[in-house]
Amino acid sequence: MVKAVNREDGWGFDWSELITGIIFLIAGYFVFRLPQVAITSLAIVFGIAAIVRGITIIGGYRRLKRATGTKANLALGLGIVDIFIGAIFMFDIPSAITFLSYLFAFWFFVDVVERLVVSNHLKIFGNGIYWLSVIIDLLLLVVAVVPLIRPMLTILTLNAIVGFYLVIFGVNAIIIAFARKNK
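Residues numbered from 1 in each chain as written. Predicted model: local features only at pLDDT ≥ 70, side-chain atom pairs only at ≥ 80, totals over all residues. Heavy atoms only, no water.

**Q** Help me understand the packing of aromatic side chains in this model?
**A** What describes a pair of aromatic rings is the distance from one ring centre to the other and the angle between the planes of the rings. The tally for this structure, following the rule as stated, stands at 7 aromatic pairs. Taken together, a centroid distance of 4.5 Å and an interplanar angle of 40° make the contact between F24 and F169 tilted. Separated by 145 residues along the polypeptide, F24 in helix α1 (residues 15–33) and F169 in helix α7 (residues 151–179) bring together distant segments of the chain. Judged by its relative accessible area of 15%, F24 falls in the buried class. Centre to centre, the rings of Y130 and W131 are 4.9 Å apart; their planes meet at 75°, and the pair counts as edge-to-face. Residue W131 is classed as partly exposed on the basis of its relative accessible area of 47%. These aromatic residues form a ring-pair network of at least three members: F13, W15 and F178. Here the basic side chain of K123 rests over the ring of Y130, its NZ or CZ set 4.9 Å away from the ring centre. (Phe/Tyr/Trp six-rings, centres within 6.5 Å; stacked < 30°, edge-to-face > 60°. Helix = DSSP H or I, 4+ residues; strand = E, 2+ residues; numbered from the N terminus. Buried < 20%, exposed > 50% of the residue type's maximum accessible area, 1.4 Å probe, protein only. Lys NZ or Arg CZ within 6 Å of the ring centre and 35° of its normal.)

**Q** Just to check I follow, could you spell out helix α5 (residues 93–118) for this structure?
**A** Relative to the 38 Å expected for 26 residues at 1.5 Å per residue, α5 spans 37 Å between its end C-alpha atoms, a close match to the ideal helical length. Within α5, the full set of buried residues consists of A96, I97, L100, S101, F104, A105, F108, D111, V112 and R115. (Expected span 1.5 Å × (residues − 1).)

**Q** How do you make sense of the side chain of S133 when you look at a structure like this?
**A** Locating S133 in the fold gives a position in helix α6 (residues 127–149). Setting aside chain neighbours within four positions, we find S133 in contact with L122, N172 and I176. (Contact = heavy atoms within 4.5 Å.)

**Q** Even after reading the chapter, I still don't get the side chain of E17, so can you show me in this structure?
**A** Here E17 shows up in helix α1. Accessibility expressed as a relative area gives 14% for E17, which makes it buried. The contact partners of E17, leaving out residues within four places of it in the chain, are R115, A173, I174, I176, A177 and R180.

**Q** For this particular structure, what's the right way to read α1?
**A** Note: α-helices contain 3.6 residues per turn, so residues at a spacing of three or four share the same orientation. Relative to the 27 Å expected for 19 residues at 1.5 Å per residue, α1 spans 27 Å between its end C-alpha atoms, a close match to the ideal helical length. Those residues of α1 lying buried are E17, L18, G21, F24, G28 and V31. Taken around the axis of α1, the buried residues stretch over an arc of 150°, which confines them to a single face. Away from its buried face by more than 90 degrees, α1 exposes I23 and R33. (Arc of directions from axis to C-beta.)

**Q** I tried to follow the confidence of the model for the chain on my own but got confused; where do I start?
**A** As a note on interpretation, predicted positions should not be read in detail where pLDDT is low. Overall, the predicted model of the chain reaches an average pLDDT of 81, with 90% of residues at or above 70. Of all secondary-structure elements in the chain, the lowest mean pLDDT belongs to α7, at 78, while helix α4 (residues 72–91) reaches the highest, 90. Under a pLDDT of 50 for its full length, residues 1–9 has, in the predicted model, 11 contacts with residues more than four places off or in other chains. (pLDDT = per-residue confidence, 0-100.)

**Q** Sorry if this is basic, but what is going on with the nonpolar core here?
**A** Burial of nonpolar side chains together is a common tendency in soluble globular proteins. Membership of the largest hydrophobic core comes to 21 residues, with the highest contact counts inside it found for L100, F108, L158, V162 and Y165. Secondary structure elements with two or more residues in this core: α1, α2 (35–59), α5, α6 and α7. The residues contacting L158, other than those within four sequence positions of it, are I39, I97, L100, S101 and F104. Counting residues in hydrophobic clusters, the runner-up holds 6 residues, among them F125, Y130, V134 and A179. (Core = buried A, V, L, I, M, F, W, Y, C linked by side-chain atoms within 4.5 Å.)

**Q** Which parts of the structure should I look at to understand the pattern of salt bridges?
**A** Side chains that differ in charge, positive against negative, can pair when their charged atoms come close. Counting across every chain of the model gives 2 salt bridges. A salt bridge links R53 to D82; the shortest N-O distance between them is 3.5 Å. In this pair, R53 sits in helix α2 while D82 sits in helix α4, placing the two residues 29 residues apart along the sequence. (Salt bridge = Lys/Arg side-chain N within 4 Å of Asp/Glu carboxyl O.)

**Q** Looking at this structure, I do not really get the packing of helix α3 (residues 61–68) against α4. What am I missing?
**A** Angle between the axes and distance between the axes are the two parameters that describe a pair of packed helices. Relative to each other, α3 and α4 sit at 155°, their axes nearing to 8 Å. Accordingly, the angle class assigned to the pair α3 and α4 is roughly antiparallel. The residues of α4 that touch α3, namely those facing Y61, L64, K65 and T68, are A72, N73, A75 and L76. For the contact of α3 with α4, the residue count by class is 5 nonpolar, 2 polar and 1 charged. (Axes fitted to C-alpha atoms, helices over the stretch in contact; angles between N-to-C directions. Parallel < 35°, antiparallel > 145°, perpendicular 65-115°, else oblique. Nonpolar A, V, L, I, M, F, W, Y, C, P; charged D, E, K, R; others polar.)

Structure follows, in structure tokens:
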């Protein structure tokens, strides 16, 4: 039986961290291996998702209006905006990539800050594991902040930044999975 991460009798091997690490390593590999395909595909997927969401919101407008009155107009407006954003993502890939650079920067930043905030628990696995994870997360924090400060640099190097982040995050997750095995 696989041990849960937060069992009362100890940590045990962390399968979810291992799986997360492997998935991130695979994603990083594909971003480095097929950079144009990776970023263009991501833009198209976001575009399709936004259009479907917009259509869904507009489709439910009448029921929502009966339930909420004029508050539904906000949802209708956002549904139209979703379709507009989806169309931009589908037909203006450079703009989509610009938006994705900000989205990834924000996601990376929030994720790294969360990992740094909770990293203190890694001390029970040894100071070496703790400091290795903190150093990796601080490197990732730099990678996350650069796109917010230099967006044009990010647009030109988005694949490398995303690939680097995915690989380093994956390695860190795998290290944590094995470190938890011993406690």
